[in-house]
Amino acid sequence: MADPMRIRATEKDGEIDVKVLMKHDMESGQRKDAAGAIIPAWHITNLVATVNGKQVFAAQFGPAISKDPFLNFKFKGAAKGDEVIVSWEDTKGDKRTDKGKIS
Amino acid sequence: MNSKRRKVLQFTALVSFMAGSGLLSEADAAEWNKAAFAAKSMDDVMKALGGGLPEKSDAVTLKAPDIAENGAVVPVGITTTLKATNMAILIEKNPYMLAGYFDLPDGTEPFVTTRVKMGQTSNVYALVKADGKWFSAFKEIKVTLGGCGG
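The following refers to the structure shown.

**Looking at the overall build of chain A**
At step 1: When you go through chain A residue by residue, the secondary structure sums to 0 helices and 7 strands.
At step 2: Its helices and strands in sequence order give chain A the pattern β-β-β-β-β-β-β, from N to C terminus.
At step 3: Principal axes of the C-alpha set define a box for chain A whose edges measure 55 × 20 × 20 Å.
At step 4: Out of the 103 residues belonging to chain A, those deemed buried represent 45%.
At step 5: Here the analysis covers contacts within chain A between residues at least 6 apart in sequence; of these, 53% occur between residues at least 24 apart.

**Remarks on the interface of chain A and chain B**
At step 1: Across the contact, 33 residues belong to chain A and 36 residues belong to chain B.
At step 2: Secondary-structure elements contributing two or more residues to the side of chain A that touches chain B are β3 (44-51), β4 (54-61), β5 (70-76) and β6 (83-90) of chain A.
At step 3: Split into classes, the residues belonging to the side of chain A that touches chain B amount to 14 nonpolar, 13 polar and 6 charged.
At step 4: Two elements, β5 of chain A and strand β7 (residues 111-116) of chain B, share 2 bridges in a ladder whose sense is antiparallel. The residue of β7 of chain B that forms the bridge with leucine 71 of chain A is threonine 114 of chain B.

**A short note on the sheet that holds β7 of chain B**
In sheet architecture, strand pairing relies on hydrogen bonds along the backbone and comes in two forms, parallel and antiparallel.
At step 1: Taken in spatial order, the 6 strands line up as β1(A)-β2(A)-β5(A)-β7(B)-β4(B)-β2(B) in an open sheet, and their pairing is antiparallel. Strand pairing shows two members of the sheet lacking a second neighbour, β1 (6-12) of chain A together with β2 (60-63) of chain B, which therefore form its edges. With strand direction ignored, the average angle separating the axes of adjacent strands in the sheet is 15 degrees.
At step 2: Two elements, β1 of chain A and strand β2 (residues 15-21) of chain A, share 7 bridges in a ladder whose sense is antiparallel. Each bridged residue has a counterpart across the sheet, and for arginine 6 of chain A the counterpart in β2 of chain A is leucine 21 of chain A.

**Concerning the environment of lysine 63 of chain B**
All names here are of chain B.
At step 1: Along the chain, lysine 63 falls in strand β2.
At step 2: For lysine 63, a count of 14 C-beta atoms within 10 Å puts it in the partly exposed group.
At step 3: In this structure, the C-alpha to C-alpha distance between lysine 63 and proline 75, residues 12 residues apart in sequence, is 8.2 Å.
At step 4: Apart from the residues within four sequence positions on either side, lysine 63 is in contact with Gly77 and Thr79.

**Digging into the nonpolar core**
At step 1: Counting 69 residues, the largest nonpolar core has Leu90 and Leu98 of chain B as the members making the most contacts within it.
At step 2: Of all the elements, strand β8 (residues 122-130) of chain B adds the most residues to this core, at 6 residues.
At step 3: Leave out the neighbours within four places in its chain, and leucine 98 of chain B touches Gly62 of chain A together with Ala36, Phe37, Ala39, Val45, Ala88 and Leu90 of chain B.

**Looking at helix α3 (residues 42-49) of chain B**
Residues and elements named next belong to chain B.
At step 1: Within α3 the residues assigned to the buried category are Val45, Met46 and Leu49. The buried side chains of α3 occupy one side of the element, clustering within an arc of 95 degrees when seen end-on.
At step 2: On its buried face, α3 is in contact with α2 (34-38), β5 (86-91), β6 (98-103) and β9 (133-143).
At step 3: Just downstream of α3, glycine 50 is the residue with a positive phi angle, here 80 degrees.

**Considerations on the environment of proline 40 of chain A**
All names here are of chain A.
At step 1: The topology assignment puts proline 40 in the loop between β2 and β3.
At step 2: A residue is classified by how many C-beta atoms lie within 10 Å of it, and proline 40, with 11 of them, is exposed.
At step 3: Between the alpha carbons of proline 40 and glutamine 30 there is a distance of 7.8 Å; along the sequence they are 10 residues apart.
At step 4: Among residues more than four places away in sequence, those in contact with proline 40 are Glu27 and Gly29.

**A short note on unusual backbone geometry**
When glycine is set aside, most residues are seen to have a negative phi, and most peptide bonds are trans.
All names here are of chain A.
At step 1: Although it is not a glycine, aspartate 13 sits at a positive phi angle of roughly 50 degrees.
At step 2: Locating aspartate 13 in the fold gives a position in the loop between β1 and β2.
At step 3: The backbone of aspartate 68 sits at a positive phi, close to 55 degrees, despite the residue not being glycine.

Reading guide: rules and limits
Residues numbered from 1 in each chain as written. Chains lettered and ligands numbered in written order. Predicted model: local features only at pLDDT ≥ 70, side-chain atom pairs only at ≥ 80, totals over all residues. Helix = DSSP H or I, 4+ residues; strand = E, 2+ residues; numbered from the N terminus. Buried ≥ 20, exposed ≤ 12 C-beta atoms within 10 Å, placed from the backbone. Contact = placed C-beta atoms within 7 Å. Nonpolar A, V, L, I, M, F, W, Y, C, P; charged D, E, K, R; others polar. Pairing = 2+ DSSP bridges. Axes fitted to C-alpha atoms, helices over the stretch in contact; angles between N-to-C directions. Core = buried A, V, L, I, M, F, W, Y, C linked by C-beta atoms within 7 Å. Arc of directions from axis to C-beta.

Next up, the structure:
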């Protein structure tokens, strides 16, 4: 399984600010290797974030999202101590799920 | 092996098992929109996303640098006063225009920030979907060192 994501979620005045840093090469499929052959595309395609069983954010990434994708989003309706669960899937079918507690 | 490390490994093993066996509910991710991410023009991207061509709007704010120091990592943010259900980032001169597409359920703020690769200086579009209609703002971001691998 891929390396873990870092999830930082902070609550202020009822709004939860979530920052996620994922670990992924996000190969665009545009680069060539030393022999001149195209390095095939390999990148995260889908991402979902849920809190208390409710989906709070979803994303579809193309190959143009930078390596080690960063995402910042905000939502209301959760409290300190609740967990933000983030899952992603990539073009090879590799998956990763991590949690971050709202502080 | 010290007990703390063992605890971490046991927890990781448990989570992996649970995730693998579908016990951890990964909320349904929408099907990856292959057509949208393979599109080379805004027309084709919007055809694949649905909802028609975006209308330029002051209610959409694109937060991005004027000059990208590193085309491989360009921070782009979208905010809006509209009640956004979706957002998207399009980079005009990239090999494929659509960089990312975002779903904002009820209760989620109309805000997203991420980092994108830009192959060359290009217009970057922030798209916001509200009430089934797309709205946009754009700016040109100058790139000195292209980020697509050229």
